Amino acid sequence: MSEASANAAPFRSLSVKFFRFTSLLVLWIVIVILAYDINQGNFNPSKGLLLCTVVLMVSWAIARFTIKQLIKPIRLLQIGMEEVGRGNLERIKFAKTGDEIEFLGKSFNGMIERLIETQTRLVQQHEELEQKVHERTQALEEAMQKAMEASGAKSEFLANMSHELRTPMNGLLGMIELSLDAPASAEQEEQLETAQRCALSLLALVNDVLDLSKIESGKMALEKISFPLANQLEDTLKGHELKARQKGVLLDWKFAPSMPDEVVGDPLRLRQIVNNLVSNSIKFTDEGAIEVRVAAFKGTDPTKWNVELHVIDTGAGIPQDKIATIFEKFTQADGSISRRYGGTGLGLAITERLVDLHNGSISAESELGLGSKFSVLLEYDVAVAPVVVLAPVETESKGSEGSTSHSKDNAGIVLLVEDNIVNQKVVMAVLKKRGYEIDLASNGEEALVKLEQRSYAVVLMDVQMPVLDGLETTRRMRLEERWKDIPVIAMTAHAMNGDKEKCLAAGMNAYISKPVHSAHLLATIEAYTSRPVKKLTAAPVDDLMKPFLSRANDGLAQLRKSLDNTDLATLEEQVGYLLQAAEAISATGIVECAKRVEIAVAAKNTDDVMHSLLLLEGEIALLNQQAVVTSYHAG
Ligand code: ADP
């Protein structure tokens, strides 16, 4: 019989069973006695009846006794157990029969006591646990609060540090730029160029630190641009060929045939990842070869490309116990080796975080003295159509939006509001060279006094100043009808997110971040003033002007195309030609801007490349305009 059907058997009380048993026993005895009497021939019905009655009463008495002694105590036990089953841990009542029933009852109550003890302990433990969880949560919340405060302090520190660093850098780069413009011996020029390179690499380091903090504070987002994957990689790698050749190391790359033509993602960040890995390999390899292998494949998601990249070198290698730490910031596997080769220990930390932003992974395998292999997996979106879409450019000026709304007689007069003497000198030198007349105010209050006295074409406003800062000064200016329309250009070393918005919200028209590039400064001022086109300091040779301009216009189109393709190598080459041609006809404005493009390309700062190209475009447009005016007058 199955358990289920056994369980389903109807409940039959022991008392019923006993009663049936004794009744059958009595019936059997009566039948035996009556059968004997019949057999003997002396059957007496009244004796039979009496006998039946007596025996029935005896069996009834036995049944009663059994019920009292056995069934009732068991029933008590049953009720107690049912109560426990319902969750009421209460001791049961039982008859003191001095037999198994009493023993069963005592054992049951003992069990209930232990259960009650366990339950009480459990409740206690639960309460303790709750208390602990509560305390831990509170501690965590406090720690979180502290971390948030620390992170806020870190951002502030970085903002200040970037300000503090960029202000002197502004002076330094500006002075170098001015000195390079002045006549100097070849030796002096070389020294100045070395100083400029050093200053630029310092700026690159500052940018690295800011990059890292930007990623860590979650403020770095990847662009989504359609770009040719293989071309982009090839260009990046070509940029390292010279350095590898100089070290006598072979640099080779192999792309799997499965590579897509285009992917959607951030080409600049891909370049940064590859640059970091390949430049490390070149740095740490003295002989042998560096091989870059790239393959792309689709995983379960058909809208994504997984790009796998390996950089393998035969260089110094990394000790096994250091491999895990090289991705930490400011960490170098071997201090002595790294000192020999230079570096800050930031490259791989930035690379790892960039890879994370790509939903990817990075790993390193290495054997000391034999070489290293870095493997990276990156995720890109599948390109829908092979169209190149350039991400929105963060422009720092509003173009001609705020231009030409005030009187013409103030056309060349600029109010410079700046407290730093070095910056004053740099900006004044740049503006004077361009023929501007400059009034100086070293804080906002002085600026308001100057504004009362004279009408200005434009105000160049530092943001952080003693007495009255640039933001407040601009706000006050905007409240006055007579100053409402004077263009205010912010010049600030604040390079953190949100500063531009703050300046614009205060009523400023444009924003230039320091270090201020002279060409950028001039172009921004000219975009906001009604100043007539001024003849360049060194007038271009007119006969050469037309052929130059047609070349420059073509060159510009090609430059734009290279930028669209984020092809910095070609861009550098093209700008080099333009620079030579511009120098040949002394088109100083164009020379200046082309040099800025070169510097930005060398620093691999596409934002700066874009800005400098815009300026270059402006200069060429200016020259085009001038050529038209000249030919008109000539005609
Ligand atoms: P940096 O190169 O500026 O020191 P990185 O973060 O790029 O900083 O690298 C950290 C460290 O990892 C290096 O100092 C070096 O010890 C080790 N390392 C990175 N790449 C290689 C490589 N290809 N071969 C040997 N060691 C390497």
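Remember, predicted model here, so these are calculated numbers, not experimental data.

For the rest of this paragraph, the subject is the overall build of the chain. Across its full length, the chain holds 19 helices and 12 strands. Across the chain, every contact between residues at least 6 apart in sequence was considered, and the portion connecting residues at least 24 apart equals 71%. For the chain, the exposed surface amounts to about 35200 Å²; the carbon and sulfur share of it is 57%.

Nonpolar side chains collect at one region of the surface, where Phe-21, Leu-25, Trp-28, Ile-29 and Val-32 lie side by side and expose about 510 Å² of accessible area between them. Checked against the element boundaries, Leu-25 lands in helix H2 (residues 14-40). Using a relative accessible area of 40% as the deciding quantity, one classes Leu-25 as partly exposed.

With that settled, consider unusual backbone geometry. Phi at Asn-359 is positive, roughly 55°, even though this residue is not glycine. As for its position among the elements, Asn-359 is in the loop between helix H10 (347-357) and strand S6 (361-367). Using a relative accessible area of 58% as the deciding quantity, one classes Asn-359 as exposed. With a phi angle near 45°, Thr-566 is a residue other than glycine that sits in the positive phi range. Considering the arrangement of structural elements, one finds Thr-566 in the loop between helix H16 (542-564) and helix H17 (568-584).

The next thing to look at is the pattern of salt bridges. Taken as a whole, this structure holds 18 salt bridges when the rule is applied. A salt bridge links Glu-83 to Arg-86, with the shortest nitrogen-to-oxygen separation between them at 2.5 Å. Arg-86 sits in the exposed class, given a relative accessible area of 57%. Here Asp-381 makes a salt bridge to Lys-304, at a shortest N to O gap of 2.7 Å. Here Asp-381, found in strand S7 (residues 371-382), pairs with Lys-304, found in strand S5 (residues 304-313); they are 77 residues apart in sequence, far enough to count as distant. Under the relative-accessibility criterion, Asp-381 is labelled buried at 18%. Through salt bridges that share partners, Lys-224, Lys-304 and Asp-381 make up one connected network.

The subject of this paragraph is the environment of Ser-361. Mapped onto the secondary structure, Ser-361 falls in strand S6. Sequence separation between Ser-361 and Val-376 is 15 residues; the distance between their C-alpha atoms is 5.7 Å. Setting aside chain neighbours within four positions, we find Ser-361 in contact with Val-355, Ser-375, Val-376 and Leu-377.

It is at 10 Å that the axes of helix H11 (residues 421-433) and helix H15 (residues 518-528) come closest, and there the two elements cross at 65°. For the pair H11 and H15, the crossing hand works out as right-handed. Contacts from Val-427, Val-430 and Leu-431 in H11 reach Ser-518, Leu-521, Leu-522 and Ile-525 in H15. Residues belonging to the contact of H11 with H15 are distributed by class as follows: 6 nonpolar, 1 polar and no charged.

A cluster of acidic residues, Glu-187, Glu-189, Glu-190 and Glu-193, forms a negative patch on the protein surface. Here Glu-189 lies in helix H5 (residues 186-216). By relative accessible area, which is 32% here, Glu-189 ends up partly exposed.

With that settled, consider helix H6 (residues 229-247). Counted at 1.5 Å a residue, the expected span for H6 with its 19 residues is 27 Å, and the 28 Å between its end C-alpha atoms agrees. Its maximal kink placed at Glu-241, H6 deviates by approximately 35°. Elements in contact with the buried residues of H6: strand S1 (225-228), strand S2 (250-255), strand S3 (262-265), helix H7 (267-283), strand S4 (289-297) and S5. Directly beyond the C-terminal end of H6, a positive phi value near 75° is found at Gly-248.

When we look at a pair of aromatic rings, we describe it by the centre distance and by the angle of the planes. Considering all chains together, one arrives at 2 aromatic pairs under this definition. With a centroid separation of 5.9 Å and an interplanar angle of 80°, the aromatic rings of Phe-227 and Tyr-380 are classed as edge-to-face. Pair noted here: Phe-227 is in strand S1 and Tyr-380 is in strand S7, with a separation of 153 residues, a long-range link. This pair shows no difference in class: Phe-227 is buried, exactly as Tyr-380 is. Taking the centre distance of 6.4 Å and the plane angle of 80° together, the rings of Phe-327 and Phe-374 count as edge-to-face.

Moving on to H10. All of the buried residues in H10 are Leu-348, Ala-349, Ile-350, Thr-351, Arg-353, Leu-354 and Val-355. Of the residues flanking the end of H10, it is Asn-359, one or two places downstream, whose phi is positive at about 55°.

Moving on, we come to the confidence of the model for the chain. When pLDDT is averaged along the chain, the result is 80, and 84% of the positions lie at 70 or above. Counted against residues more than four places away or in other chains, residues 1-6, with its pLDDT under 50, gives 1 contact.

Within the secondary structure, Asn-276 is located in helix H7. A relative accessible area of 19% places Asn-276 in the buried class. Within polar-contact distance, the side chain of Asn-276 engages the backbone oxygen of Gly-347 at 3.3 Å. Separated by 2.9 Å, the side chains of Asn-276 and Thr-351 make a polar contact. Contacts of Asn-276, omitting those with residues within four sequence positions, involve Gly-347 and Thr-351.

What follows covers the sheet that holds strand S11 (residues 488-492). Spatially, the 5 strands line up as an open sheet ordered S9-S8-S10-S11-S12, and their pairing is parallel. Either end of the sheet is taken by a strand with one partner, and the two such strands are strand S9 (437-441) and strand S12 (510-513). On average, adjacent strands in this sheet sit at an angle of 20° to one another, irrespective of strand direction. As paired strands, S11 and S12 are joined by 4 bridges and run parallel to one another. Residue pairing across strands places Ile-489 opposite Ala-510, the latter belonging to S12. Strands in contact with helix H13 (residues 470-479) are strand S10 (458-462) and S11; relative to S10, the strand with the most contacts, it is inclined by about 150°.

This brings us to the packing of helix H12 (residues 444-453) against H13. Between two packed helices, both the angle of their axes relative to each other and the distance between the axes serve to describe the pair. Across the interface, H12 lies against H13 with an axial gap of 9 Å and an inter-helix angle of 30°. When the axis of H12 is compared with that of H13, the two are roughly parallel. Taken as a pair, H12 and H13 cross one another with a handedness that is right-handed. Across the interface between the two elements, Gly-444, Ala-447, Leu-448 and Leu-451 from H12 touch Thr-473, Arg-476 and Met-477 from H13. Residue classes in the contact of H12 with H13 are distributed as 4 nonpolar, 2 polar and 1 charged.

One can find Glu-418 in the loop between strand S8 (413-417) and H11. Taking the relative accessible area as the measure of exposure, Glu-418 reaches 1% and is therefore buried. One polar contact links the side chain of Glu-418 to the main-chain amide nitrogen of Asn-420, over a distance of 3.0 Å. With sequence-adjacent residues up to four places away left out, Glu-418 is seen in contact with Asn-423, Gln-424, Ala-441, Ser-442, Asp-462, Met-465, Met-491 and Lys-514.

Quick notes on the rules
- Residues numbered from 1 in each chain as written.
- Predicted model: local features only at pLDDT ≥ 70, side-chain atom pairs only at ≥ 80, totals over all residues.
- Heavy atoms only, no water.
- Helix = DSSP H or I, 4+ residues; strand = E, 2+ residues; numbered from the N terminus.
- Contact = heavy atoms within 4.5 Å.
- Areas by Shrake-Rupley, 256 points an atom, 1.4 Å probe, with all protein chains shown as cover.
- Patch = residues over 30% accessible without salt bridge, like charges linked within 9 Å, V, L, I, M, F, W, Y side chains within 5 Å.
- Salt bridge = Lys/Arg side-chain N within 4 Å of Asp/Glu carboxyl O.
- Buried < 20%, exposed > 50% of the residue type's maximum accessible area, 1.4 Å probe, protein only.
- Axes fitted to C-alpha atoms, helices over the stretch in contact; angles between N-to-C directions.
- Left-handed = near helix turned anticlockwise from the far one by under 90°.
- Nonpolar A, V, L, I, M, F, W, Y, C, P; charged D, E, K, R; others polar.
- Lys, Arg positive; Asp, Glu negative; His and termini not counted.
- Charge placed at Lys NZ, Arg CZ, Asp CG, Glu CD.
- Expected span 1.5 Å × (residues − 1).
- Bend = angle between axes of the 7 residues up to and from the residue.
- Phe/Tyr/Trp six-rings, centres within 6.5 Å; stacked < 30°, edge-to-face > 60°.
- pLDDT = per-residue confidence, 0-100.
- Polar contact = N/O pair within 3.5 Å; in protein donor to acceptor, adjacent residues only side chain to side chain.
- Pairing = 2+ DSSP bridges.
- Parallel < 35°, antiparallel > 145°, perpendicular 65-115°, else oblique.

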